[in-house]
Amino acid sequence: MWSGFPLFPEQASTMAGRVDALYLALLALGAFFSVLIACLVVGFAIKFRRRSPGEVGTPIHGNLTLEAVWTGVPLVIVTVIFLWGAEIFFSMARIPPQAMDIYVVGKRWMWKAQHLSGQREINELHVPVGVPVKLTLTSEDVIHSFYVPAFRIKKDAVPGRYATMWFQATKPGRYHLFCAEYCGTKHSGMIGWVTVMEPAAFQTWLTGGGTGSLAAEGGKIFQSLGCVTCHRADAQGRGPRLEGLFGRTVALASGEQVVADADYVRESIVTPAAKVVAGYQPVMPTYQGLVSEEGLMQLMAYIQSLQEPAGREAAPAAASSPAGAGGRAGARQP
Ligand code: CUA
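Residues numbered from 1 in each chain as written. Predicted model: local features only at pLDDT ≥ 70, side-chain atom pairs only at ≥ 80, totals over all residues. Heavy atoms only, no water.

J.: Hey, could you run me through the packing of helix H4 (residues 214-224) against helix H7 (residues 293-305) in this one?
T.: Packed helix pairs are characterised by how far apart their axes lie and by the angle those axes make with each other. Across the interface, H4 lies against H7 with an axial gap of 7 Å and an inter-helix angle of 100°. Classified by the angle their axes make, H4 and H7 are roughly perpendicular. Where H4 approaches H7, its residues Leu214, Ala215, Glu217, Gly218, Gly219, Ile221 and Phe222 are matched on the opposing element by Gly295, Met297, Gln298, Leu299, Ala301, Tyr302 and Ser305. A class-by-class count of the residues in the contact of H4 with H7 yields eight nonpolar, five polar and one charged. (Axes fitted to C-alpha atoms, helices over the stretch in contact; angles between N-to-C directions. Helix = DSSP H or I, 4+ residues; strand = E, 2+ residues; numbered from the N terminus. Parallel < 35°, antiparallel > 145°, perpendicular 65-115°, else oblique. Contact = heavy atoms within 4.5 Å. Nonpolar A, V, L, I, M, F, W, Y, C, P; charged D, E, K, R; others polar.)

Here it is, written out as structure tokens:
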């Protein structure tokens, strides 16, 4: 609606028009009241000017109507602004469940993205047009901020935790990607491009990578770090089974309950003693520093891909089946 407005970046996501409409409404309101107040100041200065050297003004002792108006009108205006802003905020915060997953790690001074299919890219992000995309963000060192002006989205990538954001691109093209948080010497060089492609072209691009799927890569880490010796699919290991874990509610030794989301899984790998599962001993060593943030995201995708086998005893090898994991990851693509 405002795409021709000068000084504004291109509108290339479903959120862009909504954000701009609110922003322009705020500008218009601000402009209206600035002009109104300026005119009143000048007008009153002329109308109520002193007409003779001895003139004394008439004192005024309150005016209920005037006070009600200057309280009521701003109240209505700020309430409307709040509700309008909150509505946009919530639609930014609520991620559509069918959104396509992409993992992004910020690092001085680059953005690294991993697709579930295994495609990886640096300072580039390829996405299909018309499909909701969910980004899971973290940082390997300091706080960065993932900012795509054309999509009107920005989110901090904070070390030690996951942040999520989503967007749906509305037209193919190349859009600037920035780091919007000062992160050191080459902060200004921490830039890249988001390439929005037609779905068919995106599928072709997606299959161009040589590596295995994200979950399969995670499976390799799971094997090489020996996680599999304790987290056995047959439940005979020293650690809890991980099949069907993701998204489930877990009972902890402390008596609390926690939902096994990305942050929980990450914490359980780097700080295992923080939340010990009921019925298990705090024997797991920390893997902090042994797995990169990208590796953690691969492990996450792997654990997410571990489904409860139909016949539990029948599939003891399920934990080491990259084929099954890849199939699931592939099924999540649009
Ligand atoms: Cu990363 Cu600024």
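J.: Is there a simple way to explain the sheet that holds strand E2 (residues 110-115) in this structure?
T.: Strands in a sheet are paired, the pairing made by backbone hydrogen bonds, and the direction either parallel or antiparallel. Sheet architecture is open: five strands sit in the order E3-E2-E1-E5-E8, paired in mixed fashion. With one partner strand each, in any of the chains shown, strand E3 (120-122) and strand E8 (163-168) form the two edges of the open sheet. When strand polarity is set aside, the average angle formed by the axes of neighbouring strands in this sheet is 25°. By the bridge criterion, seven bridges tie strand E1 (residues 100-107) to strand E5 (residues 132-139) in an arrangement that is parallel. Across the sheet, Tyr103 pairs through a bridge with Thr136, a residue of E5. (Pairing = 2+ DSSP bridges.)

J.: Help me understand helix H6 (residues 262-270) in this model?
T.: For an α-helix, 3.6 residues make a turn, and residues three or four places apart therefore share a direction. Of all nine residues making up H6, seven are buried, and the element is well covered by its neighbours. Residues of H6 that are buried include every one of Ala262, Tyr264, Val265, Arg266, Ser268, Ile269 and Val270, and no others. On its buried face, H6 sits against strand E11 (249-251), strand E12 (257-259) and H7. (Buried < 20%, exposed > 50% of the residue type's maximum accessible area, 1.4 Å probe, protein only.)

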